[in-house]
Structure formats: structure tokens, C-alpha cells
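Listed below are the residues making up each chain.
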Amino acid sequence: SKGGFEHFMMKEIYDQPQAIRDTLLRRLDNNRMIHLDDIKLTKEDLEAITKMYVVACGTASHAGLVGKYAIEKLAKIPVEVDIASEFRYSDPFIDEHTLLIVVSQSGETADTLAAMKLAKSKGARVLAITNVVGSSVAREAHDVFYTWAGPEIAVASTKAYTAQMIAFYMIALDFAYKKGTVTLERYHELIDRIEALAPLVEKILENKEAIKTIAEDIKDTSSAFYLGRGIDYTTAREAALKLKEISYLYTEAFAAGELKHGPIALIDQGTPVLCVVTQKALEEKMISNIKEVKARGAFVIAVTKEGHSEVGKVADDIIYIPETEDLLMPVLSVIPTQLIAYYVSIARGNDVDKPRNLAKSVTVE
Ligand code: M6R
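Predicted model only: the values in this text are computed from it and were never measured.

### With respect to the environment of A210
Then, number 1: Position of A210 among the secondary structure elements: in helix α11 (residues 208-218).
Then, number 2: C-alpha of A210 to C-alpha of L118: the two residues are 92 residues apart in sequence and 47 Å apart in space.

### Considerations on the sheet that holds strand β1 (residues 51-56)
Then, number 1: On the basis of which strands lie adjacent, the open sheet formed by five strands has the order β2-β1-β3-β4-β5 and parallel pairing. For this open sheet the edge positions go to β2 (79-83) and β5 (143-146), each flanked by a neighbour on one side alone. Between one strand axis and the next, the sheet turns through 20° on average, direction left out of account.
Then, number 2: One ladder, built from four bridges, connects strand β4 (residues 125-130) with β5; its direction is parallel. For L127, the partnering residue across the bridge sits in β5 and is D143.
Then, number 3: Taken strand by strand, helix α4 (residues 58-75) contacts β1, β2 and β3 (98-104), and its axis lies near 175° from that of β2.

### Considerations on the packing of helix α8 (residues 159-179) against helix α9 (residues 184-195)
Then, number 1: The geometry of α8 relative to α9 is characterised by a closest axis approach of 11 Å and an angle of 170° between their N-to-C directions. Judged by the inter-axis angle, α8 sits roughly antiparallel to α9. Each of I166, Y169, L173 and Y177 in α8 lies in contact with α9, whose residues at this interface are L184, Y187, L190, I191 and I194.
Then, number 2: A per-class count over the contact of α8 with α9 returns nine nonpolar, no polar and no charged.

### Structural notes on the nonpolar core
Then, number 1: Formed by 91 residues in total, the largest nonpolar core has its most connected members in L127 and Y169.
Then, number 2: Core analysis: the second largest hydrophobic core is formed by 20 residues, F225, I287, V300 and A302 among them.

Each value, and the rule that gives it
Residues numbered from 1 in each chain as written. Predicted model: local features only at pLDDT ≥ 70, side-chain atom pairs only at ≥ 80, totals over all residues. Heavy atoms only, no water. Helix = DSSP H or I, 4+ residues; strand = E, 2+ residues; numbered from the N terminus. Pairing = 2+ DSSP bridges. Axes fitted to C-alpha atoms, helices over the stretch in contact; angles between N-to-C directions. Contact = heavy atoms within 4.5 Å. Parallel < 35°, antiparallel > 145°, perpendicular 65-115°, else oblique. Nonpolar A, V, L, I, M, F, W, Y, C, P; charged D, E, K, R; others polar. Core = buried A, V, L, I, M, F, W, Y, C linked by side-chain atoms within 4.5 Å. Buried < 20%, exposed > 50% of the residue type's maximum accessible area, 1.4 Å probe, protein only.

If you want it as C-alpha cells, here you go:
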């Protein structure tokens, strides 16, 4: 049921705090240590792994990009992210020291399944992050991490994405602890911060009327662009996909540093440009990029941390979100972009839960 909401997508956006809590808390023991019961990788197994791939499609692949940041930063293992339809027809460098992580909400995506089979045939170990117990992806994998987001009905993925990011943070922390690349103190600090994301998401949702007004401002446009740097670029990509699939607007995300290498030619009077600015080390660079697109007539909407008034000064519209560790910001920064996509879709009279031409799970190539 839609739980009192008009559409599944909005219900699922509101399910996110619970999805975060369930995915995390049900795996913590009394000492707040993570137990990944369906992942049998030992300390020795992890030490033998020299390379990881994360392979998935669509939104799940964006969670993989966040996962790359988390695993490389915390567990110090190099990670490559690829989309399943490319990976399966490439000649990936895989051996028995490779761990392949696949991510699939449904667990039935044809290309993702084919990618797993290919990696297995070359001797890789395969870990699946999936939301559906007993799905094909879960059955085909050596190790499984179930996201406990509950059934996701809307075609546009929201709560599965947040739960997938939480899964990656937990896997990265667990691997890091086993490998000795984080201290126990830092481990616990991060667990506390991950748990604290749930009420912060609730806080962002309380601001939904203001976000709706911003959506009204861009509903009649024909295209919209998203900019970010570093891990914010991942949010920009996810946000662009979300708006595209349910509003049918032409959207694209750019790494802000690439603007001058081509994309800035697209900016015209009134072009909406949504900028994600949450990473301390990249804030100044992003402010310069905002000024550059504004000088070409862009209408800039910025998503940034509370108190970052420098960003507020240059943007036309601003959405403030609470602050946490830079690494965890994608869980918060994506929320307003989901709401924008939802409201634009509704304002354009679209079927938000069942957008044209799309299926919830892509079981054919
Ligand atoms: O079930 P999966 O996670 O394997 O699905 C992957 C993509 O098809 C899916 O995320 C798709 O991109 C969504 N419609 C995005 O909202």
C-alpha cells in the first residue's frame, strides 16, 4: 500500500530513514560491531584481494561509485566501477585475487547477472548487494548483503539507493577493520555518524514545501544540468537520471571541472543548473563554476551544507541540508534531488510511479 501517500515514489522517499536504520542497526551487536552474516570473507581472504570491481546498472551503479570512495578511503583497496552491459562484453582483468561486487535492487537485472557469471568463470569471488531475498543475483553470488529497504514499487529508485550506499559504508568499514586500516575509535565514530543519518534525512524531508517551490521554477524548461565534483558528481549523476526518467526532460550531469572542455556551450539564458556542493576541499572550485555558468545566464539551484553562506551568495536558489562527514554526504544530498524529480514529474502531469517506456526490472538485454 502507499501508506497514505499519493504515489509509491513519495512513500518510498519517506521510507528512507527506516531503510537506513534497518540496514544498519540489525547488523550491530551489543558492542556496536558490524556482523555481515552472509559475507564469509575472512581477514586472510581480504588480504589476498588486490582489486575490486563494482558492477551494476542505472542507480545501482551510482551507489557503486559512492562505494568506490568508501572502500578506497577506508579499506585501501583499489576499486573500479563499471556498468554491467559494458563490463560483460569487455575483457576485464580478473583473477582469483579479484572481488566483484554487484549491486541490484531487484536481483534480476539481466546484464548484472551475466557480468557475475563472467567474473565467476574467471575465478573471481562475487559479493552481491541486493534488496530481494532469494533473487537470481543472490543465488548466483558467493556472499550476499541484503539491503533491508522493503519492497520498492516505483520505477524510480530512491530508498534502494540510500540503502545500497549504507551497505557500501558498512562493507567498507568491516573490511577496513579486518584489514587494520581503521582504528576502533574511527570505526565507532563512523557507525555513530551513519546511524545519525536517519534523523537528518527526516529533517530534509520537513523542508519539502520549499523544495516543491523550486521544482515549480524549473518545470517548464526543456533541459536541466547537474554539476558536482568528487563524490558530489556521483549525486549529480543520480539526480540527473532521476529527473530524466520521470519528467522526460533532457538532463545530464557534468563533472564541474569539465565545463570549459565543452558542456558550458549548452548554457543559455535561464538554463537550470543544479549544483551539488558538499565537499569541503572542493567548495571554492564549485563556487567558481557557479559564477561561470551564471555569467552565461544559468539559473543556479545549489544544494549545500547549512551555514555555507558563500554558496548561498552566488546561487539563485539554495537548498540547505544538514552537515555530516564528507564521505557520508551523498545520503543527504540526494534527498532534495529526489523530491525535485518527483514534483517536476507531477507538475508536468506524468505518471510518476510508472514512467513511459521503462520497466521496474530489466530482465532482458
Ligand atoms: O534492480 P536493479 O537495481 O538491478 O536495477 C538497476 C536499474 O535498472 C535501476 O536502478 C534503474 O536505473 C532505475 N529506474 C533508476 O531509478
